[in-house]
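Structural overview
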Amino acid sequence: MFSKLYKYQVKELWSVARYFYLGMIGAIILSLLITATRIPGIVLFFNALSILSFILCGVTVGIFTIVYDYQNQQGKRSYFFRSIPARESAILSSRMAYYFTYYFVTVLFIVIGLAIFLILDNAVKMGVSFQIIFNIVKGFVLRTKIIGLLFILIIYAAIQHMVSMMFAITIGSEAKFKRLGIGGPVLVYFLHYIVMQIITLISMLFIPIAIRLPENFDSGFKFQIVFESMMSEISRLLSNKSHDIKIFGIGFIFITFITWIIMLIWIYKSSKNKISLN
Amino acid sequence: MSIIQINNLCKNYGKLQAINNLSIELNSGQIVGLVGPNGSGKSSLLRILGAFDMAYSGEVLINGLKPGLESRKIVSYLSDKPYISESLRAEQMIKLYSDFFSDFNQEKAFNMLELFKLKPEQKLKEMSKGMGDKIQVLLTMSRDAKIYLLDEPISGVDPASRKIILRSMIEGFSEDALMIVSTHLLNDIENIIDSVLFLDSGQIKIKGSTDDLREQYGKSINELFEQIFQ
């Protein structure tokens, strides 16, 4: 049942999302063509316009991903989706896979697109060919292995986004929030956001695990893990025993994992036992 | 054993009590008319029975189990709102239903499509409201379910279409199933229902077989409805 539910959700959004992905590809192609004219003023203007429409398309897909999930869970298509005799675990996991697919694909699209725009912009400004700048960037990416870090960050952000949205939609649609309508999920989202920010900040500052930041990034991202809290570093800075903060607390990563698990269990239980459609 | 058992059911929306201590048992093999004025709790009751609303107090048993995964396998529900993706064609909707519901009868669905004079390749967004309603009735009734819950299946549909929808409901209904039809268009469904529940402010005002009630009050069910809710 998981694969059927997953395919249904992905196909449903694909009927709309494909046009926005085409728009994103179109913006890149347009930018490439305009760059070929090598007229700086026009190139810069159209590149700015292309970047704007490119990002707008990506953001719109993101918004539609949330809207379609809301429609399936609480909106006009919910009387079909929630009548399917599927285990709650299948519904939950298919929703997660659906969010992850669109979020991951869209963010990846945006990152690659922006990289192309950046190369184009520099190529025009420096008056050199696209290939030269591309090779410089490629060299930097391969030397520093930044792509790995970027990949991890995208996955991390995708999961964070997915859990937050599912949590807001599911909990915000419980009977107690019903009179608020769409305001229920919005309220739950902001409450959860504030709580998560506080938890992240506290765990970042006080949990004694951090990475020592490298002096320069040119030789690559070689981090050293230290078992100190960021707060102690800040205290040293405040008492003038240090000039700057050289460590970055990563305790929040573990706490975030735990909060994701708690939130997913919460979503599961609410969706199973507290569903209340409009 | 009754296929539906409800004991002391209460449902509130804030301070508003939609269902007030309702208890009833319903057996298979009948079509039940659920009637009452707007806000009497008809849709709320059907939503609870369809496992779409778990926020209630009291006991509800569908075939001996609480509404949930198992009840969804035997309950076919028709909402009063459009709930199918508008970009789908009629044939795609039939395929979708047969993918998700093991009791879905494709042959029955295509026969009803023909009865309704609808084209398989037509998209929902290209259909009129009445045609869309027919599609939803078709999808609901094409399941070989044990319980059919139909919320306002004929409201907003022209009289000629109403007759076709009602005909399809009877044709799609199997003798050992239970069908609950909520409506305020009692005149149209009076001839197809076996028993009736008059709901008012979340409580049952009158219940019984249509024949018994006609004999007891010396009126048609529609006249009785008008007298009670005037």
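What counts, and where the lines are drawn
Residues numbered from 1 in each chain as written. Chains lettered and ligands numbered in written order. Predicted model: local features only at pLDDT ≥ 70, side-chain atom pairs only at ≥ 80, totals over all residues. Helix = DSSP H or I, 4+ residues; strand = E, 2+ residues; numbered from the N terminus. Buried ≥ 20, exposed ≤ 12 C-beta atoms within 10 Å, placed from the backbone. Rg over C-alpha atoms; globule rule 2.2 N^0.38 Å. Contact = placed C-beta atoms within 7 Å. Pairing = 2+ DSSP bridges. Axes fitted to C-alpha atoms, helices over the stretch in contact; angles between N-to-C directions. Domains from an automatic or database assignment. Nonpolar A, V, L, I, M, F, W, Y, C, P; charged D, E, K, R; others polar. Expected span 1.5 Å × (residues − 1). Core = buried A, V, L, I, M, F, W, Y, C linked by C-beta atoms within 7 Å. pLDDT = per-residue confidence, 0-100. Left-handed = near helix turned anticlockwise from the far one by under 90°.

**With respect to the overall build of chain A**
Counting its regular elements, chain A contains nine helices and three strands. For chain A, the succession of helices and strands along the chain, N to C, is α-α-α-α-α-α-α-β-β-α-β-α. In chain A, which comprises 278 residues, the share counted as buried stands at 29%.

**Quick notes on the overall build of chain B**
A count of helices and strands for chain B gives nine helices and nine strands. Here the C-alpha atoms of chain B give a radius of gyration of 17 Å, agreeing with the 17 Å that 2.2 N^0.38 yields for 230 residues. Each principal axis of the C-alpha atoms in chain B carries an extent, and together these give about 45 × 40 × 35 Å. Looking at the 230 residues of chain B, the share that counts as buried comes to 42%. Across chain B, the fraction of contacts at a sequence separation of at least 24, relative to all contacts at a separation of at least 6, is 68%.

**Details of the environment of Gly-50 of chain B**
Within the element layout of this structure, Gly-50 of chain B appears in the loop between α1 (42–49) and β4 (57–62). Taking the C-alpha atoms as reference points, Gly-50 of chain B and Leu-149 of chain B, 99 residues apart in sequence, are found 7.3 Å from one another. If we skip the residues at most four places from it in the chain, Gly-50 of chain B touches Ser-83 of chain A together with Val-75, Tyr-77 and Leu-149 of chain B.

**As for the sheet that holds strand β2 (residues 224–226) of chain A**
Picture the strands of a sheet paired through backbone hydrogen bonds; they go either parallel or antiparallel. Residues and elements named next belong to chain A. Overall, antiparallel pairing links the three strands, which are arranged β2-β1-β3 in an open sheet. At either end of the open sheet lies a strand with only one pairing partner, and these are β2 and β3 (247–249). With direction set aside, neighbouring strand axes in the sheet form an average angle of 35 degrees.

**As for the domain arrangement of chain A**
All names here are of chain A. According to the domain assignment, chain A contains domain 1 (1–144) and domain 2 (175–278). Averaged C-alpha coordinates put domain 1 and domain 2 at centres separated by 26 Å. Breaking the side of domain 1 that touches domain 2 down by element, the ones donating at least two residues are α3 (78–81), α4 (88–126) and α5 (130–144). Ranked by residues supplied to the side of domain 1 that touches domain 2, first place goes to α4 with three residues. Of the residues belonging to the side of domain 1 that touches domain 2, the class tally is four nonpolar, three polar and three charged.

**Quick notes on helix α5 (residues 129–141) of chain B**
Between the first and last C-alpha of α5 of chain B there are 18 Å, a value that for 13 residues agrees with the 18 Å anticipated at 1.5 Å per step. Along α5 of chain B, the positions that sit buried rather than exposed are Asp-133, Lys-134, Ile-135, Gln-136, Val-137, Leu-138, Leu-139, Thr-140 and Met-141 of chain B.

**Description of the interface of chain B and chain A**
Many structure descriptions define interface size as the accessible area lost when the parts assemble. Chain B puts 21 residues into the contact, and the matching count from chain A is 20 residues. Breaking the side of chain B that touches chain A down by element, the ones donating at least two residues are α2 (69–74) and α3 (90–100) of chain B. Of the residues forming the side of chain B that touches chain A, the biggest block, three residues, is contributed by α2 of chain B. Residue composition of the side of chain B that touches chain A, by class: ten nonpolar, five polar and six charged.

**A look at the nonpolar core**
Core analysis: the largest hydrophobic core is formed by 70 residues, its most contacted members being Ile-147, Leu-149 and Met-179 of chain B. Residues contacting Met-179 of chain B, with those up to four places away along its chain left out, are Ile-31, Val-32, Tyr-148, Leu-150 and Phe-173 of chain B. In terms of nonpolar packing, the next biggest core, distinct from the first, is built from 35 residues, Phe-20, Ile-66, Met-162 and Val-188 of chain A among them.

**Examining the sheet that holds strand β9 (residues 203–209) of chain B**
Residue and element names in this part refer to chain B. The mixed open sheet is built from six strands, whose spatial order is β5-β6-β7-β3-β8-β9. Of all strands in the sheet, those bounded by a partner on one side alone are β5 (75–78) and β9. Adjacent strand axes in the sheet meet at a mean angle of 15 degrees, parallel and antiparallel pairs treated alike. Pairing geometry for β5 and strand β6 (residues 147–151), over four bridges, is parallel. By the bridge assignment for β6, Leu-78 is matched with Leu-150.

**Examining the confidence of the model for chain B**
Residues and elements named next belong to chain B. Residues at a pLDDT of 70 or more form 100% of chain B, whose mean pLDDT is 86. Across chain B, the element-wise mean pLDDT spans from 79 in helix α6 (residues 159–172) up to 92 in β5. This prediction of the complex comes with two scores: 0.82 for pTM and 0.85 for ipTM.

**Details of the packing of helix α2 (residues 40–73) of chain A against helix α6 (residues 146–171) of chain A**
Residue and element names in this part refer to chain A. Two elements in contact, α2 and α6, have axes separated by 10 Å at closest approach and are oriented at 35 degrees. You can see that α2 and α6 cross each other, and the crossing is right-handed. Facing Ile-66, Asp-69, Tyr-70 and Gln-73 of α2, the residues of α6 in contact are Met-165, Ile-169 and Thr-170. When its residues are assigned to classes, the contact of α2 with α6 shows four nonpolar, two polar and one charged.

**Thoughts on the environment of Leu-150 of chain B**
Residue and element names in this part refer to chain B. Inspection of the secondary structure assignment puts Leu-150 in strand β6. Classification of Leu-150 as buried rests on a count of 26 C-beta atoms within 10 Å. Between the C-alpha atom of Leu-150 and that of Lys-11, which follows or precedes it by 139 residues, the distance is 20 Å. Apart from residues lying up to four places away in sequence, Leu-150 is in contact with Leu-78, Thr-140, Met-179, Val-181 and Ser-182.

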